[in-house]
Amino acid sequence: MVSLFSIGSSPSPRLLLRPTCCSSPTHSRDAVILRRAAELADSSAGLTSPHPNFGCIIARGGDVVGKGFLYGQGTECAELQAAEMAGELAAGATAYINMESGDCSGDLAPVSSLVQAGISRVVVGIRHPLRHFRGKAIHALRRHGVQVDVVGEDLQSKVYEEALKSCLLVNAPLLYRAACHVPFSVLKYAMTLDGKIAASSGHASWISSKLSRGRVFELRGRSDAIIVGGNTVRRDDPRLTARHGGGHTPVRIVMSQTLDLPEERNIWNIIDAYTIVATQRGARKDMQKKLARKGVEVVEFDMLNPRDLMRYCHDRGYLSVLWECGGGLAAPAISCGVIHKVYAFVAPKIIGGANAPSPVGELGMIQMTQALNLIDVSYEQIGPDMLISGFLQPIPDLSPIIPSVDETSALDPTLSPYDTNIIFFYKTWDPYGAFSNFSPHPLQLPDENGDNYMWPTVEHYYQAQKFQGVNSPLAIDVIQQIKSSKSPEEAARTGRKMQRQHPELVRADWDSVKVDVMYEALKCKFSTYPNLNTMLRSTAGSVLVEASPHDLFWGGGREGEGLNHLGRLLMKLRSEIMEETSVVGVE
Ligand SMILES: NC(=O)C1=CN([C@@H]2O[C@H](COP(=O)(O)OP(=O)(O)OC[C@H]3O[C@@H](n4cnc5c(N)ncnc54)[C@H](OP(=O)(O)O)[C@@H]3O)[C@@H](O)[C@H]2O)C=CC1
Ligand SMILES: Nc1c(N[C@@H]2O[C@H](COP(=O)(O)O)[C@@H](O)[C@H]2O)[nH]c(=O)[nH]c1=O
């Protein structure tokens, strides 16, 4: 791992790009546009689940002629949007992408859209951090005769420092995930000028201003999960929802060893946001049952601690986590190295109190020289408060590891981070992400009127089918909402929420037909896309498991307790395809 940010005035090794020998007006222009591509990549933050962020700008000379960003998993890639916008002006132009394209579909759509548009040069901020994508798009572009310049490899000038930093920042969660196998964790707290996060009575609302709390809602919207400890639930009765106006709602996680929690709390209301309680194995079974009855998921750990919880969150596909706990939990989280960034809102107030809680409990340090120094610190005034933020750990830099050409030439069907006889898939950025229902493979199937309709993803189709044929204007309206959802995540959110809130809108036979509905959609997907068909056949001999730790019907569950119906259907489809292929072969 290499430090990327300057500590005080000493710049980090990788940001020490070679001095200005090669700096030129072209370099300066490249750097400015690349930075804009990174900013563009951030556009969907808070509107959809945290996911790898891609932005693409196409420019001729200094003039931008096309741009696009990835809105969510399963939506149109940034490169294609930019190429479409640029039209004929793309021929001979330069494309700027903050990160090497990833592609879960195996057909490298981002690459083909740039090649077909006639782009002659591509400037890449960073290589893709995930091993199965790394170098692949760069290699494919070069094979098509496109000049590819990667910052830090082909472009060495110091003028790229800020652009590179923006490229790293916008995908910091993915970089941590790839390097450390944990989600990017941010510790956020609000404290008085005398360093208290509550009065000695425990009362804490409010320390920071309304404006600052508005910023917290934005931070929540950028996170997959928010974590607090049991004591904060007992004392504050928090809601922990993202009232930021965006669409994405993070999961709320309560860490409680004792499970000595009140039965009535805002956080048990799962209509607005899903709640998970992480606890010690065997803790208060009666309480576990009560929580489960409210729809709260209880996850038991052999030894509840922040590191194991973060591993669990990683397996659950989370990229970004916000810790909003008190000092009792913040200290062990820092000690075991899972906190990467800190946001401290400092309010110009003094509350005093020898026993008033502070943001970080016991770390076992006795000398000031042991203090943890934040890296790349920022200061921002928000209304009356000061927001101080910085990194506790540098963003991992994987870019210097350049794969060989052989490694990147094709999708290796045996490439799996898991046991070779079991292929797990879950998020679209996993090696077999194309098997996910969120993958960007539109499929043509009938809509509610029986007309052929291009559904953006399997998820859109599946969610809409829940309300198909129900004689109610609201059910018809839900189908329309699902059809127009910009991402599969939005489609899933709408479908699940309406199913929870209005079970009467769900078709009466849903439980008995849902497996058939899914199979029909999968058959359509894998017959429409030959490359997916090939990928599915290439898994022959392996068990396919959707690695969803929480969906015990479609997924395999955390410890294999799930029914794995999605994996089973894919294996059934694989057998059918292989039988058909062998029959055709015999004829
Ligand atoms: N101003 C601010 O930004 C904030 C202020 N606060 C204030 O802080 C106070 C609560 O602080 P604090 O008790 O530290 O907060 P927390 O409840 O957030 O953290 C401590 C609790 O975490 C649970 N826990 C689970 N695993 C561990 C572990 N391995 N180590 C330690 N604890 C673990 C325990 O719950 P259990 O006892 O159930 O087992 C423990 O009591 C309240 O007064 C609240 O108002 C809280 C958050 C933010
Ligand atoms: N007191 C305090 C904070 N406290 C945090 O916010 C939680 C309450 O969130 P909610 O119920 O959704 O409004 C609370 O439990 C604690 O984690 N946050 C801040 O930004 N500023 C503040 O002054």
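Heads up: the structure comes first, above all this text.
These notes cover the structure that comes with them. Everything numeric in this text was worked out from a predicted model, so none of it was measured. (Residues numbered from 1 in each chain as written. Chains lettered and ligands numbered in written order. Predicted model: local features only at pLDDT ≥ 70, side-chain atom pairs only at ≥ 80, totals over all residues. Heavy atoms only, no water.)

Quick word on the overall build of the protein chain
Helix and strand content of the protein chain: 18 helices and 18 strands. For the protein chain, the C-alpha radius of gyration of 25 Å lies close to 25 Å, the compact-globule estimate for 587 residues. On the principal axes, the C-alpha backbone points of the protein chain span a range of 85 × 70 × 45 Å. Counting across all 587 residues of the protein chain, residues that qualify as buried make up 55%. A separation threshold of at least 6 residues defines the contact pool for the protein chain, and within that pool the share at least 24 residues apart is 71%. (Helix = DSSP H or I, 4+ residues; strand = E, 2+ residues; numbered from the N terminus. Rg over C-alpha atoms; globule rule 2.2 N^0.38 Å. Buried < 20%, exposed > 50% of the residue type's maximum accessible area, 1.4 Å probe, protein only. Contact = heavy atoms within 4.5 Å.)

Some details on the site of ligand 1
Close to ligand 1 lie 26 residues; R234, D236, S256, Q257 and G328 are nearest. Interatomic distance of 2.7 Å between a side-chain N/O atom of R234 and an oxygen atom of ligand 1. The separation between an oxygen atom of ligand 1 and a polar main-chain atom of T258 is 2.9 Å. When ligand 1 is considered free in solution it has 910 Å² of accessible area, and contact with the protein chains removes 87% of it. Those elements that provide at least two residues to the shell around ligand 1 are β6 (184–192), α8 (230–236), β8 (251–256) and α11 (327–335). (Near = heavy atom within 4 Å. Polar contact = N/O pair within 3.5 Å; in protein donor to acceptor, adjacent residues only side chain to side chain. Areas by Shrake-Rupley, 256 points an atom, 1.4 Å probe, with all protein chains shown as cover.)

Here we look at the sheet that holds β6
Within a beta sheet, neighbouring strands are joined by backbone hydrogen bonds and run either parallel or antiparallel to one another. Spatial ordering of the open sheet is given by β10-β9-β8-β7-β11-β6-β12-β14-β13, a layout of nine strands whose pairing is mixed. The strands lining the two open edges of the sheet, one partner per strand, are β10 (297–301) and β13 (375–382). Strand-to-strand twist of the sheet, defined as the mean angle between neighbouring strand axes without regard to direction, takes the value 20°. Here strand β9 (residues 275–280) runs beside β10; their pairing, made up of five bridges, is parallel. Counterpart to T279 in the pairing with β10 is E300. (Pairing = 2+ DSSP bridges. Axes fitted to C-alpha atoms, helices over the stretch in contact; angles between N-to-C directions.)

Quick look at the packing of aromatic side chains
With the rule as written, the count across this model stands at eleven aromatic pairs. Relative to W554, the ring of F553 lies with its centre 4.9 Å away and its plane at 90°, an arrangement referred to as edge-to-face. The class for W554 is buried, based on a relative accessible area of 8%. An aromatic cluster is built from F425, Y432, F435 and F526, whose rings are joined through pairwise contacts. (Phe/Tyr/Trp six-rings, centres within 6.5 Å; stacked < 30°, edge-to-face > 60°.)

Overview of the pattern of salt bridges
With the rule as written, the count across this model stands at 27 salt bridges. Between R222 and D42 there is a salt bridge; the shortest N-O distance is 2.7 Å. Taken together, the residues R222 in the loop between α7 (210–221) and β7 (225–229) and D42 in the loop between α1 (25–41) and β1 (55–60) connect sequence positions 180 residues apart. One salt bridge in this structure joins R265 and D237, with 3.7 Å as the shortest N-O distance. With R265 in the loop between β8 and β9 and D237 in the loop between α8 and β8, the pair connects residues that are 28 residues apart, well separated along the chain. Classification of D237 by relative accessible area gives partly exposed; the value is 24%. Overlapping salt bridges bring together R281, K285, E300, D302 and E559 as one network. (Salt bridge = Lys/Arg side-chain N within 4 Å of Asp/Glu carboxyl O.)

Some words on a nonpolar patch on the surface
A cluster of nonpolar residues, V377, Y379 and M386, forms a patch on the protein surface that exposes about 290 Å² of accessible area. You can see V377 is positioned in strand β13. (Patch = residues over 30% accessible without salt bridge, like charges linked within 9 Å, V, L, I, M, F, W, Y side chains within 5 Å.)

Some points on the sheet that holds β1
A sheet is described by the order of its strands in space; here five strands give the open sequence β2-β1-β3-β4-β5, paired in mixed fashion. Among the strands making up the open sheet, the edge pair consists of β2 (63–69) and β5 (147–150). Strand-to-strand twist in this sheet, taken as the mean axis angle between neighbours without regard to direction, amounts to 20°. Strand direction decides the pairing type here: β1 and strand β3 (residues 94–99), joined by four bridges, are antiparallel. Residue pairing in the sheet places I58 in a bridge with A95 of β3. Docked against the sheet, helix α4 (residues 136–143) engages β4 (121–126) and β5, running at close to 150° with respect to β5.

Regarding the packing of helix α13 (residues 458–465) against helix α15 (residues 488–501)
For the pair α13 and α15, the least separation of the axes is 8 Å and the interaxial angle reads 15°. It follows that α13 is roughly parallel to α15 by the angle criterion. The way α13 lies across α15 gives a crossing that is left-handed. Across from E459, H460 and Q463 in α13, the residues of α15 making contact are P488, A491, A492, G495 and R496. When grouped by side-chain class, the residues that make up the contact of α13 with α15 number three nonpolar, three polar and two charged. (Parallel < 35°, antiparallel > 145°, perpendicular 65-115°, else oblique. Left-handed = near helix turned anticlockwise from the far one by under 90°. Nonpolar A, V, L, I, M, F, W, Y, C, P; charged D, E, K, R; others polar.)

Looking at the pairing of strand β17 (residues 452–455)
Examined bridge by bridge, strand β16 (residues 443–446) and β17 share four bridges and lie antiparallel to one another. Looking at the pairing, L445 lines up with Y453 of β17. Hairpin connection from β16 to β17: five residues lie between these consecutive antiparallel strands, with G450 at a positive phi of about 85°.

Things to note about unusual backbone geometry
The residue after S205, namely W206, is reached through a cis peptide bond having omega 0°. Looking at where W206 falls in the secondary structure, it is placed in the loop between β6 and α7. We note that D237 has phi near 50°; this positive angle belongs to a residue other than glycine.

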